[in-house]
Amino acid sequence: MSEVSKEYDFNCIEEKWVQSWDACIYHFDWQSKKPQYIIDTPPPYPTGNFHIGNALNWCYIDYVARYKRMRGYNVMFPQGWDCHGLPTEVKVEEINHITKNQVPREEFRRLCEKLTEEAIERFHKSMGRLGLSIDWSNEYVTMKPEYYVKTQTSFVRMHQNGQIYREDHPVNWCPRCGTAIAFAEVEYDSRTTTLNYMRFVSAEGEMQIATSRPELLPACVGVAVNPHDGRYQKFIGKTVRVPIFDYEVPVLADPVVDTAFGTGIVMICTFGDKQDVRWWMEHHLPLRQVIDREGRLTAVAGPYAGCSVSQAKDRIIQDMQKEDIIFKQEPLEQNVGLCWRCKTPIEILSERQWFVRINAEEIKKTAEEIEWVPPHMQVRLKNWADSVEWDWCISRQRIFATPIPVWYCRSCGEVLVAKEEWLPLDPNQTRPPVRCKCGSDDFIPEKDVLDTWMDSSISALAVAGWPDRKDLRMPTQLRPQGHDIIRTWAFYTILRTKSLEGVRPWDTILVNGMALGEDGHKMSKSLNNFIRPEEVFATNGADALRQWGAMGGSPGNDIMFQWKEITAASRFQQKLWSIFRFSLPLIANVDATPGQVDRWLLGELDRLVVKATKAMDAFQFDETMKAIRGFAWETLADNYIELVKARLYGPDGQEKRAAQSTLYRALETLARLMAPFTPFISEEIYHTLTEESVHVQSWPEPSGVEVDPAGLAIKEIAAAIRRYKAEKGMALNAPLPGIVVYSDLGLETFDLSGVANSTVESRAGKPDIEMKPVAVKPQMKVIGPRFKDKSGRIIRALAAMDPARAAEQKASGLIKVDVDGESFDLPAEAAEIETETLSAGLAVDVLRLDGASVLVRR
Ligand SMILES: [Zn+2]
Ligand SMILES: [Zn+2]
């Protein structure tokens with residue numbers, strides 16, 4: 001066998017395996033008879049670089065994929081790329097200092113594709129270096145026609161069965177991005193604004209109304225009071241004049257109005273917030289759209305038309321103050337909805353958009369058919385399902401996204417949705433191959449595109465072979481994902497899979513935590529707590545990063561990145577390497593009858609396998625890795641190897657071969673148990689032992705060996721002897737004059753003899769022990785104060801006494817001494833008697849343990 005270096009050279013070994021591994025062993029076999037295990041992996045947004053958070057999530061997936069493969073499953077660990085959407089468009093706009101409307105549509109899309117391809121290339125490299133067992137034969141790229149044909153097919157089918165429709169409806173709108181966005185894309189943040197108190201005039205008198213958004217005054221379509229508010233009864237059912245803009249609106253009674261907020265009268269505008277939308281629908285109010293798609297005021301706002309929202313706000317406030325309409329202002333803490341991507345405050349506009357019907361009850365019912373790990377994450381999904389106000393708006397006024405395969409007839413306005421067999425297509429580049437019902441062939445293409453979640457919410461279907469394969473592999477087995485996208489990716493995937501195929505998307509959803517920076521905050525470039533995986537590859541290697549991920553958390557919990565944890569992982573790998581390096585020239589894969597100590601170790605190894613298997617089945621990676629580390633470091637290295645060294649170095653024979661094969665078994669099993677976590681060092685060890693790859697082996701099975709209590713006793717006796725030597729200040733390998741072990745377990749002696757460097761005799765029963773007094777130790781502190789100047793002589797006499805007689809007298813309570821003819825009675829505590837333990841007449845030290853006594857000759 002080749003020379004093994006003293007230091008574990010992670011860099012050299014990891015690079016070697018990255019180059020030489022055969023990626024085909026990770027391919028899903030569509031013909032296989034094995035049970036399938038398809039993982040609906042997250043397709044990341046390929047922008048920027050693969051970061052620690054990605055790395056952590058992919059490690060979790062890889063632990064599962066490798067484990068299930070070893071357990072005999074036909075595993076698919078696909079890799080998708082969720083290319084479309086705002087992040088890339090915004091990035092392209094930033095890099096090229098343009099907005100989407102300043103370059104031709106096709107050119108803008110090309111820039112987005114280029115940026116995405118470059119990012120995918122970088123991600124590929126990082127993922128390979130991390131040692132992920134990705135099935136590259138199942139890679140998908142959502143911006144490619146081969147994928148977006150699936151998205152378009154899903155659109156056409158859901159439109160056919162009435163799940164997708166087009167309608168004028170209020171939507172959340174980002175004026176900066178110039179697009180509608182879904183509820184799931186609105187973030188809320190608290191801002192301080194001003195609450196303005198205004199006077200409205202009606203026939204019944206003045207109404208005072210407080211608002212934080214006076215720029216929406218021209219959008220006012222009504223005012224509302226609480227029907228139980230005694231102050232305003234006379235106004236209900238009447239009208240009131242909107243100041244400045246000078247038109248009448250009705251006064252409505254609605255129990256939702258909070259009598260304690262402002263003056264207890266609210267202005268209903270189209271639209272300030274979601275509540276406005278509810279009132280607008282319930283009370284069938286007219287629409288006054290004052291804000292346009294660019295966030296500017298429309299002609300409805302009269303003299304303020306063309307102003308931005310903030311300009312209009314300033315001017316309207318000024319004008320109202322001049323006319324004493326605003327009579328009071330006060331600061332207000334308010335939750336403001338922001339665009340998730342650019343943090344611009346959103347507006348609610350009524351727009352003709354495409355929507356997917358949301359059936360919250362069906363989604364919640366389907367969620368119950370899925371195993372949630374950890375279980376409480378299901379509640380988050382259900383809460384979200386209950387909070388969604390209106391259907392999922394899926395059209396976006398952007399460019400880099402899947403085109404909506406629809407045209408509109410210029411003559412009669414008919415909506416022509418593409419047939420499945422025409423797909424994929426971009427209606428802006430392809431004309432429909434048929435004429436309209438009215439006979440016209442003059443069509444206007446749909447310019448809007450699909451929400452990117454329309455692509456990614458069919459990921460489970462896509463990897464399972466939808467829509468082309470006859471043997472569709474639904475449901476898939478596992479969805480791993482972060483808790484931050486439960487209301488989007490998980491929610492939409494359940495919705496779409498149920499709609500399209502009538503099934504749940506997965507058997508199990510595993511919700512993992514986020515990687516936090518060393519300061520405990522979410523990793524971000526701006527906080528400067530951002531670590532790239534490549535930094536860790538360079539300093540400690542990919543296995544160290546992977547081990548940190550395993551040790552750090554259980555499902556659902558966030559995990560903090562800490563360099564000291566990475567260092568600890570490296571230290572363990574070095575320890576494992578040292579065990580391997582020591583063992584390699586001594587071990588042998590041979591048949592031999594194991595001794596007591598071997599059976600203790602093999603029993604412990606069985607326990608480890610059982611524990612690790614149970615933990616892996618529950619996705620408890622931390623439990624698994626901790627058990628492995630404890631076994632390798634303490635049980636194997638600190639105890640077993642120390643016990644059997646003498647046998648390993650000793651003459652050939654049954655005992656030696658038993659130790660050789662036991663140690664081989666332990667190393668080989670450890671390599672397999674660790675293969676899902678640390679694929680590099682596991683491969684290096686396993687391959688050196690067997691010349692085969694560990695990554696095509698099966699997961700260890702328990703071999704049915706119980707922990708031998710005799711072996712366990714020997715291990716504990718050995719530890720007691722080590723402690724004994726340490727207390728005596730002896731070197732651990734210092735020879736001892738002889739040991740007798742008393743135990744009813746019939747202990748074998750060869751390993752103890754090696755550890756103690758002594759002859760060892762094993763006997764049944766209890767040792768015959770006597771305590772012989774050997775010296776008298778006068779106690780100065782008792783004698784001195786009592787006998788003053790006579791103390792010296794008393795002490796000398798006491799010390800000269802026969803120890804056996806002194807012991808007898810001390811036991812009776814009084815010690816008599818004669819000093820120069822004078823007799824003194826001393827109290828018992830005036831002397832301590834030193835004894836020696838004797839067994840069969842020889843001086844010994846006794847080490848007492850549970851079930852055994854050890855006599856060490858002095
Ligand atoms: Zn935005
Ligand atoms: Zn027509």
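Residues numbered from 1 in each chain as written. Chains lettered and ligands numbered in written order. Predicted model: local features only at pLDDT ≥ 70, side-chain atom pairs only at ≥ 80, totals over all residues. Heavy atoms only, no water.

## Comments concerning the layout of surface pockets
Inference 1: There is about 1800 Å³ of room inside the largest pocket.
Inference 2: When contributions to the lining of the largest pocket are tallied by element, the ones reaching two or more residues are helix 2 (52-70), helix 3 (86-96), helix 10 (452-456), strand 22 (476-482) and helix 12 (486-501).
Inference 3: Residue contributions to the lining of the largest pocket peak at 5 residues, all from helix 2.
Inference 4: Grouping the constituent residues of the lining of the largest pocket by class yields 18 nonpolar, 14 polar and 11 charged.
Inference 5: The computed volume of the second largest pocket comes to approximately 1300 Å³.
Inference 6: Surrounding the second largest pocket, 40 residues form its lining, Ser 212, Arg 213, Gly 272, Asp 273 and Gln 334 being those nearest its centre.
Inference 7: Where the lining of the second largest pocket is concerned, the elements lending two or more residues are strand 7 (186-202), strand 8 (205-211), strand 12 (265-269), helix 6 (274-282), helix 7 (309-322), strand 13 (326-339) and strand 14 (347-356).
Inference 8: Considering every element that reaches the lining of the second largest pocket, the biggest residue donor is strand 13, with 5 residues.
Inference 9: In terms of residue class, the lining of the second largest pocket is built from 17 nonpolar, 13 polar and 10 charged. (1 Å grid on protein atoms, 1.4 Å probe; cavity = no way out; pocket = protein on both sides within 12 Å on 5 of 7 lines; lining within 4 Å. Points joined across faces, edges and corners; volume = space filled by probe spheres on them. Helix = DSSP H or I, 4+ residues; strand = E, 2+ residues; numbered from the N terminus. Nonpolar A, V, L, I, M, F, W, Y, C, P; charged D, E, K, R; others polar.)

## Things to note about the environment of Ser 583
Inference 1: Within the secondary structure, Ser 583 sits in helix 15 (residues 563-583).
Inference 2: Taking the C-alpha atoms as reference points, Ser 583 and Asp 652, 69 residues apart in sequence, are found 16 Å from one another.
Inference 3: Not counting residues within four places of it along the chain, the set of residues in contact with Ser 583 comprises Ile 641, Leu 663 and Leu 667.
Inference 4: Separated by 2.6 Å, the side chain of Ser 583 and the backbone oxygen of Ile 579 make a polar contact. (Contact = heavy atoms within 4.5 Å. Polar contact = N/O pair within 3.5 Å; in protein donor to acceptor, adjacent residues only side chain to side chain.)

## Remarks on the coordination of the zinc ion (ligand 2)
Inference 1: Surrounding the zinc ion (ligand 2) are the protein donor atoms Cys 409 (SG), Cys 412 (SG), Cys 436 (SG) and Cys 438 (SG), at 2.2 to 2.4 Å.
Inference 2: Going along the chain, you hit the donors of the zinc ion (ligand 2) in the pattern C-x2-C-x23-C-x1-C. Of the two residues, Cys 409 sits in strand 18 (residues 406-409) while Cys 438 sits in the loop between strand 19 (415-417) and strand 20 (443-445), which places them 29 residues apart along the sequence.
Inference 3: For Cys 409, a relative accessible area of 3% translates into the label buried. (Donors = N, O, S within 2.8 Å, 3.2 Å for Na, K, Ca; no water. Buried < 20%, exposed > 50% of the residue type's maximum accessible area, 1.4 Å probe, protein only.)

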